[in-house]
Every structure is written in structure tokens, then in C-alpha cells.
Amino acid sequence: MARKIVQRCSTWNITRNHSNFEYYHQFILAISSAKYYNLDIFEKFANDTTFDHVDFLQVAYDVKVLIRSNIFQTFPQLCHPILCTKYIHNKKEIISGSDSIRESLVESTDIFHTDIEMNEILSTDASRGLSVKRRKCLYFDERALDFFPIYTINLCKMNCRIRAALFSCGCIPFFYNLNATEPICNAAGLYCLSKSDWYSRGCKCYPLCDSLKFVRLSSEKVYYSTAYSRLVEVNVIFPKVRIKRQIIFSIYGLIVSFGGGAAFFLGCSFLSSVEIVFYICEWFWNLVRKCTHGRCSER
């Protein structure tokens, strides 16, 4: 597949018999297999300015399209292992290779049975009145990130890693697929990232106030002799208990408690106490006004 991409690229003007054909072929393979933890594969291409104007994301997309079309044309009943990777995640969250539950079907007879438990946390509307520091969570539409218009935990981590990449090497990896004004990493930039800790830096990301999390309890791989029986069986265990985040004691409750205690022990309400403080302040203010006009001795 990568060889077809090399031949199609008019910028390089490379044919299969060219002496550098294998070199460009390795470059296409590096793009199609690039991940955050193996960017050192671009070391041999870091000093080659020929690749500076190559759209890495478009090359990766072209390789994917070729793989998909060739696999389905040759074996219409089958799917490529990459295309048969199943992810299970919250519908309001994006797919993350490190956090999402995934099962990769490699063999044509692979069948996975997975037991998944749901953990749900809800928040009342009154929680929005608290500061983020106090409630320690964020709502979906509450804070826009630097590169994304909405907030989720995985988007927050991606935003943090993009900022780390910009700080370390001054560019953004192509696989984030952003319409940003910041430069996209070329081969030298990707190799620079491989020597930094841009991906492993700690990111402070608050959880969502309304969240639904899937936890894998067990996963079993079952083999059947029937061909083309590739399948993922998911058994979702719904929770018997739902966690609800709400304000138990607010500032209004504190005022009511003070008022009730004052009424019980002193025989006056909270409003009466406020009135007494008001009259004392008013008396003091009138006294100050009289003294400023030289009439303190008349009192």
C-alpha cells in the first residue's frame, strides 16, 4: 500500500525502479505507523528537507483508504484488524487509546465476551453556583479549552499534551488533526518530540460533573471453528446505586442556622440582629458627622 502512495506523489516523482524508492517507502510506513510513543522512527528523515512540505495527515489518510479498499475487494467478508478494533466509551467523550475499553479482532474466528460495569455520577443545578475549586469538577459546556470548544477529560489531556509539544519543539503532531494556526510537526519536529517528555507530563484535568464511566470487569477470548464469526459480545451491568453530587449545607443554610440559634437562646431572629447592627452603625455615623461639624460638646 505504501509503495502505491510513493508512486502517486507527484512532488517526489519516484518510480518503483528509482534508487531512493525504498527510502520513500520507509517514510510512508513511518507516517502510517506513527504513535506518540514511537516517534523516534523519524530519526533517519529528520534532516531531509524534502519532506517539509508533505501533508503527513493526508498521507496517513491515503494509506488507510487503500487498505480499506483492497481488503474489502479481496475479502468482502473480512475486515482488517485495525478496522475491527472496537472501542467502548461514553458518548460525550472522545476515543482515547489509553483510557477507552477496546478489543481488537485479529483472527477471522475471534469472539470476545466482555463484562462491563457502569458508574454514573450526576450533579444538581445548584452545584453550578460553586466555584470549580470547591466542587472539583467541570460541566461539559463550562470551559472552552485552547484548541477545543468543549470540555471533556480526554480533550483536556490532549490540550495539555499539545501545549507541551509546542513548548518542547514548537509544533503540533499531525495525528491530532487540528485546524490550528500553530505549525504542524515535520519529520524533524516529530523526532524532537521523541526525545522530550511531552506526552508523559502531568496534566491537571478535572472530571466532568455529569459523568458516565465504563469499567471492564472481565474479558474472555473464545474460539469457534465457524469461519467469519468475528464478534464482540458486551454484557453491560447496570449500577444499583447512582452517585449524586449535591450541596448539603450552603451559605443560606448557615444563615438559617444562626438565625434559629439566636432565636432559641437570645429570643431574637437573625433579622433582629441585623437591625441592631444597623442602628449601632447609624448612631456611630451620626456621631462622626456631628464631631466633624464641631458639635461634639453639645451632646
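Residues numbered from 1 in each chain as written. Predicted model: local features only at pLDDT ≥ 70, side-chain atom pairs only at ≥ 80, totals over all residues. Heavy atoms only, no water.

1. Digging into the packing of aromatic side chains
Thinking step 1. Within the structure shown, the criterion is met by 17 aromatic pairs.
Thinking step 2. Centre to centre, the rings of Tyr 36 and Tyr 37 are 5.1 Å apart; their planes meet at 90°, and the pair counts as edge-to-face.
Thinking step 3. On the basis of relative accessible area, Tyr 36 is assigned to the partly exposed category, the value being 35%.
Thinking step 4. Judged by relative accessible area, Tyr 37 falls into the exposed class, the value being 56%.
Thinking step 5. A cation over a ring is seen here: Arg 128 above Tyr 139, with NZ or CZ 3.9 Å from the ring centre.
Thinking step 6. Sitting above the plane of the Tyr 199 ring, Arg 161 keeps its charged end 3.9 Å from the centroid. (Phe/Tyr/Trp six-rings, centres within 6.5 Å; stacked < 30°, edge-to-face > 60°. Buried < 20%, exposed > 50% of the residue type's maximum accessible area, 1.4 Å probe, protein only. Lys NZ or Arg CZ within 6 Å of the ring centre and 35° of its normal.)

2. Quick notes on the pattern of salt bridges
Thinking step 1. One pass over the full model with this rule turns up three salt bridges.
Thinking step 2. The salt bridge partner of Arg 128 is Asp 141, with a shortest N-O separation of 3.2 Å. One end of the pair, Arg 128, is in the loop between strand E3 (110-123) and helix H4 (132-135); the other, Asp 141, is in the loop between H4 and helix H5 (153-169), with 13 residues separating them in the sequence.
Thinking step 3. Under the relative-accessibility criterion, Asp 141 is labelled exposed at 57%. (Salt bridge = Lys/Arg side-chain N within 4 Å of Asp/Glu carboxyl O. Helix = DSSP H or I, 4+ residues; strand = E, 2+ residues; numbered from the N terminus.)

3. A look at the side chain of Arg 135
Thinking step 1. Inspection of the secondary structure assignment puts Arg 135 in helix H4.
Thinking step 2. A distance of 3.0 Å separates a polar side-chain atom of Arg 135 from the backbone oxygen of Ser 127.
Thinking step 3. Every residue in contact with Arg 135, bar those within four places of it in the chain, is listed here: Ser 127, Arg 128, Leu 130, Glu 142, Cys 209 and Arg 245. (Polar contact = N/O pair within 3.5 Å; in protein donor to acceptor, adjacent residues only side chain to side chain. Contact = heavy atoms within 4.5 Å.)

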